[in-house]
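Each chain is listed here by its residues.
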Amino acid sequence: MNMTRLVVHRRRLGLALSGVWLLLTCGVILLRADGCGWDYSTDHSVRFNIRDESEFARLPEIPADLQTDPDRMFSWGEDMAPSYDEEYEEATRLEKQIAGAWAAALAAQAAGDLQGLGAQLREYLELTRGVRETLDKQLQEHRNWATDKLDALSALAEGSPRAAVISYLQARTLFDSGLSPQEVKLALAACKTDPNLRDNAAYLEAAVFYQTRVNIGYVSFADVARDFPKSEKRETALLMSALTLLKEEKNSGGHSPLVNGLISAEAAKQIIKSFKRVMKEYPARRHYYDAWGWIAHTMLESGDRGGALAEYYRMLSSKNDLPRSEAVRSLKLVRRRATEQDLARAEQLISNEPDTALAYSYFEIYNFATWHLCGRSASLWSDGPCRASGKAELERIAAFANRMISRYGTSRAGPGFVLRVAQANLELQNNVEAVKFARRALSMGAKEHQRAEALWVEGEGERRLRHFDASRAALSTLLKENPGNRYTEGARRLLAMTLEDSGDLAGALDQYLALDYRRDVAYFVDVLMPIDQLAAFVKSREDSPVINELNYALAVRYVREHRWNDFRSTVAKIRALGLDVDDTYLERRNNYSRYDRDHSAPPKLIETDPKIRGVRQQWLQQDLSTANTIEQFEQRVTEAQGDEAKAEALYQLASYEYQGNLQVYNPALWGGLRHYFLADLLNRGPLRMPGEPAILLEYMQKHDQAACALPLFLDVAHRFPNTRAARDALYSAAVCHIRLRDYNQYWRQVYESGGRAGPMMVTFADVKQAYPDYRFPRGSTGWQPATRTVNGGPGWAPPPKKPPKVTRWRKLLNAYERTLLILKPIIEKITTDIRTFFGLLIGVGAAIVSTIYHMLCAGLAALGFWLCSPEAIRNVQLFCAGLSKCESRPRTSLDASERCLDLSASSSSMRGFLGRCARDEWVEKGKDAIYLLLQLDESGRSAFARAAVAGSMSMFFFLAFVIHLTQL
């Protein structure tokens, strides 16, 4: 990698690492969802670009990272703009280098290798020069650490002892590690007596106090600067002294009167004076531009936004890139909040400084009015008020430039302010005025960048006025005088648009080839240019580095036109790449190997290495096969005899076209996204040439296979309407329309807007109307007209088999079966009714039988009760008579407690309390009954037994009577 590219990567590393995943996601293609799908626009194109012509003509804004490449307008070109993958890899590599240098420095210090430490620190500072803290939040701290330690290491050359230097290095490490101030103080003790390190130690002591407010020695950077007037630390000490004043003033709420939370004007004057002292005593040194930026910041903090703006514009006009970059970043934040009064004050302060005024005017035009105020694509995306505000800003800048011219005259003001008026008028679409002032700036002797910008404005203004010869002359002069700087790409783009608008397609294509605008080149050679004009263009550019790609584009166009001799002669001129040129890329990307290559896939579908540009041999082989096959079909059509044969031959030719896969596609131009590009172009434009939509439609009809086959199918149906092939051809034409209606984004838009492919629209209804007896195939999806099959199977369902001859007996049997079918519902109805009737009879009979049964049972139970109950009563009476003759069981005399119970009103409760409960009473009664029964004689016991039996039978008969009576 050359040094220029390394510097470019180093300067952009901070931004690249912080936003690398966003860049990788977006890539070269900006995917923006809109109403019709995805947006495949890119900045490296004219037609396939989201920007409009007013933005193409816009000069570049001042970038925040000027050090990337200050002399180039766009980030394009093989040497200067690597792919995002390459940029990420380079940024990662450089990040590892920085981390490695830092780790090596720490290791060298730990090992006591002071020489190696110095080398690693110098490498670290060189690697991180210009890199912002987006890489590492501690980047600036590490740079300060490295610078301070290098200052200390320089004491070795002045005779300081090695131990003293190591002592200071350890103290600095302790300080950066956040250890206690006392530990830093102890480490500094060994080096404070060394005359070459006293200033370093004093500065570190002041730094400790600045951060921790702990006094270990010096407490003021101002004292360090005073006591060590010749020290290398004095510049930094003066800067830190001013920063200390600023910090204290911002943090002291009552120390000075505050105005809206900002520092006071008096304090700001003192702080600014301190920063200016740094700039005065150390011009163009390490902290010169830091102090300059802090001056502007202090003005801003004191409420003087106009003064801060003026200071930032002074920084912007500097010849050094560091203050200019810082000014752009700061203005992006500050400029939006500026009022008219702030701008008036800023203009007043810089009115005596022409260089600053010119920088201010340029920034206002291209960094604010046309970018930060309304967005980069203001004409496309901003609303009315936003555009009005941008217009007001441009008019204000034009008025300011005019005032400068009136104030100083053209001789003193120079051509710069005249050019600013021209640029503002160009943005305001005042093209006549823009051209007038641009020419005036040129006549005043504009040089270098001013002359280039004046030619730019003149060329674009004349193009808008459609003065194409004058525009071409101005832009050609611009390109001649600026062959390889930041104006080259933009000037070529404007010149290409001018040539195209004037009808010089060949000249425009030359510019697109020089720009390497691949999509515009693809659109020109594959779509826009007539084939004979393209052939003449290719013939006159045989020494072009892309002659093989141009010849291949012409050869593919010849295939579409069926010009076989021209095709073969053109193919013979192409130097194709080898068969294995993409194998290494594919093996790495897709685990692909040439030994297991899928030979069934069309060669134009196989992925190729995007870094290797050229024509693949496989493509030529496919195109030669296609040309030979189509030519053979055409010969069969010519040689066929009779309508049927001619119709079938032409039908087979149309079928081959329909079933082809990327037969006339050019993978060298489009990279697999052709129809997305063209659909986006049709949807949004710009379509610059008259009749360009029709040219695009004609191209698509010759490119997409179904559209190519459609006229041939219709030709068969119209020329040979009574042939068998005509029916299938008309049906295939309807299938072509169905396929194209949802084939890709372009054709979807065409059909949705009411358009179509081919000479006429054909539907299945049209096929049925033309051939009423035509039997349609099983489906249109998967229809293969050449073999008349569907998805590899038969195109039509087989016809039903002819039924066998019916015999007399079979007829009688069929009649019998038909009769049964008719009578079956009737028979089922009658059977159901009979079953219902007999069910009803059975139910009634069962009810009668049940009633009679229960009546008989109830009668028998009543009879049994009537017979048994008298006997039971008589025996009970005999038993009672026997009992009356027996004596009662004698009782023992009651004890005192029982007598008490007999007398107590709550005898039952007392009995329970004394253990005499109801259970005992029942036991006594049982004993009494047994005593009586034992006294019965034989007749008494017999009466007792008969009474028990007769009583039980009476009770049984009574219950039976009741139960059967309830069932009636």
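Residues numbered from 1 in each chain as written. Predicted model: local features only at pLDDT ≥ 70, side-chain atom pairs only at ≥ 80, totals over all residues. Heavy atoms only, no water.

Engineer: I tried to follow the overall build of the chain on my own but got confused; where do I start?
Structural biologist: Counting secondary structure elements, the chain contains 44 helices and 3 strands. Across the 968 residues in the chain, those meeting the buried criterion constitute 46%. Excluding contacts between residues fewer than 6 apart, the proportion of contacts in the chain whose partners are at least 24 apart in sequence is 66%. For the chain, the accessible area works out to roughly 50300 Å², and carbon and sulfur atoms hold 57% of it. (Helix = DSSP H or I, 4+ residues; strand = E, 2+ residues; numbered from the N terminus. Buried < 20%, exposed > 50% of the residue type's maximum accessible area, 1.4 Å probe, protein only. Contact = heavy atoms within 4.5 Å. Areas by Shrake-Rupley, 256 points an atom, 1.4 Å probe, with all protein chains shown as cover.)

Engineer: Which parts of the structure should I look at to understand the packing of aromatic side chains?
Structural biologist: Two descriptors summarise a pair of aromatic rings, namely the distance from one centre to the other and the angle between the planes of the rings. Tallied over the full model, the rule gives 34 aromatic pairs. Note on tyrosine 313 and phenylalanine 363: the rings are 6.1 Å apart at their centroids and 65° apart in plane angle, and the pair reads as edge-to-face. Taken as a pair, tyrosine 313 in helix 14 (residues 305–316) and phenylalanine 363 in helix 17 (residues 354–372) lie far apart in primary sequence, 50 residues in all. With relative accessibility at 0%, the residue tyrosine 313 sits in the buried group. By relative accessible area, which is 1% here, phenylalanine 363 ends up buried. One aromatic cluster in this structure is built from Tyr731, Phe764, Tyr774, Phe776, Trp783 and Trp796. Directly above the ring of phenylalanine 368 sits arginine 335, whose terminal nitrogen or CZ lies 3.8 Å from the centroid. (Phe/Tyr/Trp six-rings, centres within 6.5 Å; stacked < 30°, edge-to-face > 60°. Lys NZ or Arg CZ within 6 Å of the ring centre and 35° of its normal.)

Engineer: Quick question: what am I supposed to make of the nonpolar core here?
Structural biologist: Across soluble globular proteins, nonpolar side chains have a tendency to be buried as a group. Residues Leu316, Tyr512, Tyr523, Trp670, Phe713 and Trp747 are the most contacted members of the largest nonpolar core, which totals 222 residues. Leave out the neighbours within four places in its chain, and tyrosine 512 touches Val46, Ala496, Glu500, Tyr517, Asp520, Val521 and Phe524. (Core = buried A, V, L, I, M, F, W, Y, C linked by side-chain atoms within 4.5 Å.)

Engineer: Just checking my understanding: could you explain the packing of helix 14 against helix 16 (residues 340–350) for this structure?
Structural biologist: For any two helices packed against each other, the geometry is given by the interaxial angle and the distance between the axes. Axis separation between helix 14 and helix 16 bottoms out at 8 Å; the angle between their running directions is 45°. By the criterion of interaxial angle, the relationship of helix 14 to helix 16 is oblique. Handedness of the helix 14/helix 16 crossing: right-handed. Between helix 14, through Arg305, Gly306, Gly307, Leu309, Ala310 and Arg314, and helix 16, the contact on the second element is made entirely by Asp342, Leu343, Arg345, Ala346, Leu349 and Ile350. (Axes fitted to C-alpha atoms, helices over the stretch in contact; angles between N-to-C directions. Parallel < 35°, antiparallel > 145°, perpendicular 65-115°, else oblique. Left-handed = near helix turned anticlockwise from the far one by under 90°.)

Engineer: Where do I start with helix 15 (residues 321–334) in this structure?
Structural biologist: The periodicity of an α-helix, 3.6 residues per turn, causes residues three or four places apart in sequence to face the same way. Compared with an ideal rise of 1.5 Å per residue, which puts 14 residues at 20 Å, helix 15 spans 20 Å between its outermost C-alpha atoms and is within 8% of the ideal. Those residues of helix 15 that sit buried are Pro323, Ser325, Ala327, Val328, Arg329, Ser330, Leu331 and Val334. By the N-cap criterion, in which a side-chain oxygen at the helix start approaches the backbone nitrogen of a residue two or three places on, helix 15 is capped by asparagine 320, the distance to leucine 322 being 2.8 Å. (Expected span 1.5 Å × (residues − 1). Polar contact = N/O pair within 3.5 Å; in protein donor to acceptor, adjacent residues only side chain to side chain.)

Engineer: Mind showing me how you'd approach the sheet that holds strand 2 (residues 789–790) here?
Structural biologist: What links the strands of a sheet is backbone hydrogen bonding, and the strands pair in either a parallel or an antiparallel sense. Strand order in this open sheet of 3 strands is 1-2-3, and the pairing throughout is antiparallel. Since the sheet does not close on itself, it has two edges, and those belong to strand 1 (783–784) and strand 3 (793–794), each with one partner. Both strand 2 and strand 3 contribute to a ladder of 2 bridges, which runs antiparallel. Residue pairing for strand 3: valine 790 is matched across the bridge by glycine 793. (Pairing = 2+ DSSP bridges.)

Engineer: Explanation requested: the packing of helix 36 (residues 705–719) against helix 37 (residues 724–741) in the structure shown.
Structural biologist: Direction vectors running N to C along helix 36 and helix 37 enclose 150°, while the axes themselves pass 8 Å from each other. On the basis of their axis angle, the class for helix 36 and helix 37 is roughly antiparallel. Handedness of the crossing formed by helix 36 with helix 37: left-handed. Taken together, the residues of helix 37 that come into contact with helix 36 (itself represented by Ala706, Ala707, Leu710, Phe713, Leu714, Val716 and Ala717) are Ala725, Ala726, Ala729, Leu730, Ser732, Ala733, Cys736, His737, Arg739 and Leu740.

Engineer: Any chance you could explain the environment of tyrosine 517 here in plain terms?
Structural biologist: Considering the arrangement of structural elements, one finds tyrosine 517 in the loop between helix 25 (505–515) and helix 26 (518–528). The class for tyrosine 517 is buried, based on a relative accessible area of 0%. Sequence separation of tyrosine 517 and valine 46 is 471 residues, and the distance between their C-alpha atoms is 8.1 Å. Engagement of the side chain of tyrosine 517 in a polar contact is seen with the side chain of glutamate 489, the distance being 2.6 Å.

Engineer: Can you help me understand the side chain of aspartate 520 in this one?
Structural biologist: By the secondary structure assignment, aspartate 520 is in helix 26. An unpaired buried charge is present at aspartate 520: no salt bridge exists, and arginine 47, the closest side chain of opposite charge, is 5.0 Å distant. One polar contact links aspartate 520 to serine 45, side chain to side chain, over a distance of 2.7 Å. What aspartate 520 contacts, discounting residues up to four positions off in sequence, is His44, Ser45, Val46, Arg47, Phe48 and Tyr512. (Lys, Arg positive; Asp, Glu negative; His and termini not counted. Salt bridge = Lys/Arg side-chain N within 4 Å of Asp/Glu carboxyl O.)

Engineer: Honestly, the pattern of salt bridges in this entry has me stumped. Any pointers?
Structural biologist: A pair can form between side chains of opposite charge whenever their charged atoms are brought close. Counting across every chain of the model gives 56 salt bridges. Salt-bridge contacts for glutamate 460 lead to arginine 463; the nearest nitrogen and oxygen are separated by 3.0 Å. Placement of the pair is glutamate 460 and arginine 463 together in helix 22 (residues 448–464), with a separation of 3 residues, close to one helical turn. You'll find glutamate 460 and arginine 463 in the same group, each marked buried. Across the pair aspartate 623 and lysine 604 runs a salt bridge whose closest N-O atoms are separated by 2.7 Å. Of this pair, aspartate 623 sits in helix 31 (residues 617–639) while lysine 604 sits in the loop between helix 30 (583–590) and helix 31; the two residues are 19 residues apart in sequence, bridging distant segments of the chain. Taken as a pair, aspartate 623 and lysine 604 share a single burial class, namely buried. Salt bridges sharing partners connect three or more residues here, namely Arg47, Glu460, Arg463, Arg464, Glu500, Asp501, Arg688 and Glu692.

Engineer: Please explain a nonpolar patch on the surface as it appears in this structure.
Structural biologist: A cluster of nonpolar side chains, contributed by Ile822, Leu823, Ile826, Ile827, Ile830, Ile834, Phe837, Phe838, Leu841 and Ile842, occupies part of the molecular surface with about 1000 Å² of accessible area. Turning to its location among the elements, leucine 841 is positioned in helix 40 (residues 808–884). Owing to a relative accessible area of 44%, leucine 841 belongs among the partly exposed residues under this scheme. (Patch = residues over 30% accessible without salt bridge, like charges linked within 9 Å, V, L, I, M, F, W, Y side chains within 5 Å.)

Engineer: Would you explain unusual backbone geometry in this entry?
Structural biologist: One can expect most non-glycine residues to show negative phi and most peptide bonds to be in trans. Positive phi values are uncommon outside glycine, yet arginine 788 reaches one of about 55°. Assignment of secondary structure puts arginine 788 in the loop between strand 1 and strand 2.

Engineer: Can you help me understand helix 25 in this one?
Structural biologist: Summarising burial for helix 25: 8 of the 11 residues are buried, a large majority. Every buried residue belonging to helix 25 is among Leu505, Ala506, Gly507, Ala508, Leu509, Gln511, Tyr512 and Leu515, and all of these are buried. In the core, the buried residues of helix 25 are packed alongside helix 23 (468–481), helix 24 (488–501), helix 26 and helix 27 (531–539). Aspartate 516, located one to two residues past helix 25, shows a positive phi value of around 60°.

Engineer: What is the right way to look at the confidence of the model for the chain in this model?
Structural biologist: Where the model shows low pLDDT, its predicted coordinates should not be examined in detail. Residues at a pLDDT of 70 or more form 85% of the chain, whose mean pLDDT is 81. For residues 375–383, every residue scores under 50 in pLDDT, and the model assigns this stretch 21 contacts once sequence neighbours within four places are set aside. Note on residues 893–915: pLDDT is under 50 here. Beyond four places in sequence and across chains, it has 15 contacts. (pLDDT = per-residue confidence, 0-100.)

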